[in-house]
Amino acid sequence: MEEFCFEITEELEDERIDKCLTELMDSLSRSYIQRMVKEGQVTVNGESVKGSYRLKYGDRIAFFLPEAQEPDIQPENIPLDILYEDDDVIVVNKPKGMVVHPAAGHYRGTLVNALMYHCGNRLSGINGIMRPGIVHRIDMDTTGSVIVCKNDRSHNCIAKQLKEHSITRRYHAVCQGVLKEEQGTIDKPIGRHPTDRKKMAVNERNGKSAVTHYKVLQRFEKYTYIECELETGRTHQIRVHMASAGHPLLGDEVYGNSKSPFKLQGQVLHAKTLGFIHPSTGEYVEVDAPLPGYFMDLLKKL
């Protein structure tokens with residue numbers, strides 16, 4: 001086990017302890033930190049505190065981070081479309097319908113199951129036994145580039161780039177309606193939907209900053225083929241932002257307002273380009289995921 005200690009400065013005073021630790025330990029998810037606090041694994045000035053505790057100047061936070069546990073999920077011989085791989089990271093072109101990491105209802109057939117077969121025990125353990133190597137994810141029905149880390153040092157490096165919004169992430173999508181502008185920026189905070197907790201929404205009150213840049217690649221009679229570049233990486237960001245602009249993604253049954261006339265499995269969204277600073281070499285690496293067959297066929301039909 002590894003011990004971590006922090007002393008609270010004036011800048012961090014009055015922050016909730018879980019939020020503060022999420023910022024200080026950017027390799028750990030907030031839900032993981034909240035669980036540690038709830039289980040009494042985090043102390044302030046030597047005593048356990050509740051998750052609602054607000055920090056005071058001079059407080060000393062301490063906790064032990066347990067060593068990564070062996071995953072309780074099984075490797076599966078599922079073919080991977082590998083775009084880039086070395087000793088530190090692997091970038092995979094995820095197919096439509098594949099869940100990134102195991103969760104309720106999806107304990108087999110996930111990207112993690114496939115990675116465990118391909119990489120063996122060479123995956124970072126920071127995000128716990130259910131998400132070895134996983135530093136970010138894309139939706140089940142979104143295709144394209146996902147970067148996975150093979151060791152904790154690389155995980156921390158990529159997680160820091162994600163937090164600083166320095167990773168290049170360009171998506172291709174088809175949205176409903178014809179966009180008039182050649183390009184634009186949607187700058188609207190995103191948070192949980194006020195009544196449907198399974199959905200995200202533009203949330204001016206409780207949302208986090210979210211910025212999407214888009215440009216038109218091709219216009220059709222009723223649809224527009226676009227490229228979106230993420231400045232931030234909120235859950236369902238492109239889907240929520242385009243829907244808020246009156247142009248939901250084609251095939252999006254969650255945020256769309258009409259059924260697709262085409263036979264589609266979820267939204268037409270592809271994580272095409274992923275660029276990052278390599279954890280070991282310090283050089284910029286950019287990987288491009290070719291459009292999947294269904295996307296190319298749809299463009300031909302349009």
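Residues numbered from 1 in each chain as written. Predicted model: local features only at pLDDT ≥ 70, side-chain atom pairs only at ≥ 80, totals over all residues. Heavy atoms only, no water.

Participant: Mind laying out the nonpolar core, listing which residues take part and the relevant values?
Facilitator: Counting residues in hydrophobic clusters, the biggest one holds 30 residues, and the most contacted among them are L115, I238 and M242. If you list the elements that add at least two residues to this core, you get β6 (89-94), α3 (111-119), β7 (143-149), β8 (168-176), β12 (211-219), β13 (223-230), α5 (237-244) and β14 (269-277). Top element by residues in this core is α3. It accounts for 5 residues. If near-sequence neighbours (up to four positions away) are discounted, I238 is found in contact with Y171, T212, C228, L230, L249 and L269. (Core = buried A, V, L, I, M, F, W, Y, C linked by side-chain atoms within 4.5 Å. Buried < 20%, exposed > 50% of the residue type's maximum accessible area, 1.4 Å probe, protein only. Helix = DSSP H or I, 4+ residues; strand = E, 2+ residues; numbered from the N terminus. Contact = heavy atoms within 4.5 Å.)

Participant: Tell me what's going on with the packing of aromatic side chains, and back it up with residues and numbers.
Facilitator: Going through the model one piece at a time under the given rule, you end up with 6 aromatic pairs. Both rings, one in Y294 and one in F295, keep their centres 5.9 Å apart while their planes meet at 50°; by these two values the pair is tilted. The class for Y294 is partly exposed, based on a relative accessible area of 23%. Overall, the relative accessible area of 0% leaves F295 in the buried class. One aromatic cluster in this structure is built from F4, F6 and F63. (Phe/Tyr/Trp six-rings, centres within 6.5 Å; stacked < 30°, edge-to-face > 60°.)

Participant: Can you explain empty space enclosed by the protein? Please cite residues and give values.
Facilitator: Per the stated rule, a full pass over the model turns up 1 cavity of 30 Å³ or more. For the largest cavity, the calculated volume is near 40 Å³. Forming the walls of the largest cavity are H136, S145, R169, R170, Y171, A271, K272, T273 and L274. Breaking the lining of the largest cavity down by element, the ones donating at least two residues are β8 and β14. For the lining of the largest cavity, the element with the most residues is β14, which contributes 4 residues. (1 Å grid on protein atoms, 1.4 Å probe; cavity = no way out; pocket = protein on both sides within 12 Å on 5 of 7 lines; lining within 4 Å. Points joined across faces, edges and corners; volume = space filled by probe spheres on them.)

Shape is all these values report; function is a separate question.
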